[in-house]
Amino acid sequence: MVDKKFIKYFSIFIIWLFSISGMTGILSPDYSDWFLSMSPINLLLTFIIILVNIDNFKWHIVIAVAIPFSLGFIVEALGVNYGLIFGNYSYGENLGQKFIGVPIIICVNWALLTMSTADIARL
């Protein structure tokens, strides 16, 4: 069995590696398009890493993640389709599959931001 402490530190290393590489790559004139196209993978990997590192995973965590995911989708759908809340905007193709104009990965991003903010507030 792999030590939980190792998994935690390895996870932190991977998130830092992807974040620093992504920032450097996006600022690079030669590779920025490629790095931008990898944004959905980065967000999904970060989401999975956070879920793997949750101690005592219970159903209330699924609900806690589903709420910002769902509310994020509703807010984004209203914005993309009707210009409500954030004004008129649309998403390009970099963020992958869309449902009624909203990339699904944006909902993952809302959940990630909420989980991160909750952890910071808890500290």
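Residues numbered from 1 in each chain as written. Predicted model: local features only at pLDDT ≥ 70, side-chain atom pairs only at ≥ 80, totals over all residues. Heavy atoms only, no water.

**Q** How would you summarise the pattern of salt bridges if you had to cite specific residues and measurements?
**A** What the rule picks out here adds up to two salt bridges. Of the charged contacts in the structure, one is a salt bridge between K98 and E93, with a shortest N-O distance of 3.5 Å. E93 sits in the exposed class, given a relative accessible area of 67%. Close ionic contact of R122 with D119 constitutes a salt bridge, the shortest N to O distance being 2.4 Å. (Salt bridge = Lys/Arg side-chain N within 4 Å of Asp/Glu carboxyl O. Buried < 20%, exposed > 50% of the residue type's maximum accessible area, 1.4 Å probe, protein only.)

**Q** Explain a nonpolar patch on the surface residue by residue, including any values.
**A** On the surface, V2, F6, F10, F13, L17 and F18 cluster together into a nonpolar patch covering about 580 Å² of accessible area. Counting through the fold element by element, L17 comes out in helix 1 (residues 4-27). (Patch = residues over 30% accessible without salt bridge, like charges linked within 9 Å, V, L, I, M, F, W, Y side chains within 5 Å. Areas by Shrake-Rupley, 256 points an atom, 1.4 Å probe, with all protein chains shown as cover. Helix = DSSP H or I, 4+ residues; strand = E, 2+ residues; numbered from the N terminus.)

**Q** Describe the packing of aromatic side chains, and please don't skip the residues or the numbers.
**A** For the coordinates displayed, the defined rule picks out six aromatic pairs. The rings of F6, F10 and F13 are connected pair by pair, giving a single aromatic cluster. The ring of Y9 is capped by K8, whose NZ or CZ atom sits 5.6 Å from the centre of that ring. (Phe/Tyr/Trp six-rings, centres within 6.5 Å; stacked < 30°, edge-to-face > 60°. Lys NZ or Arg CZ within 6 Å of the ring centre and 35° of its normal.)

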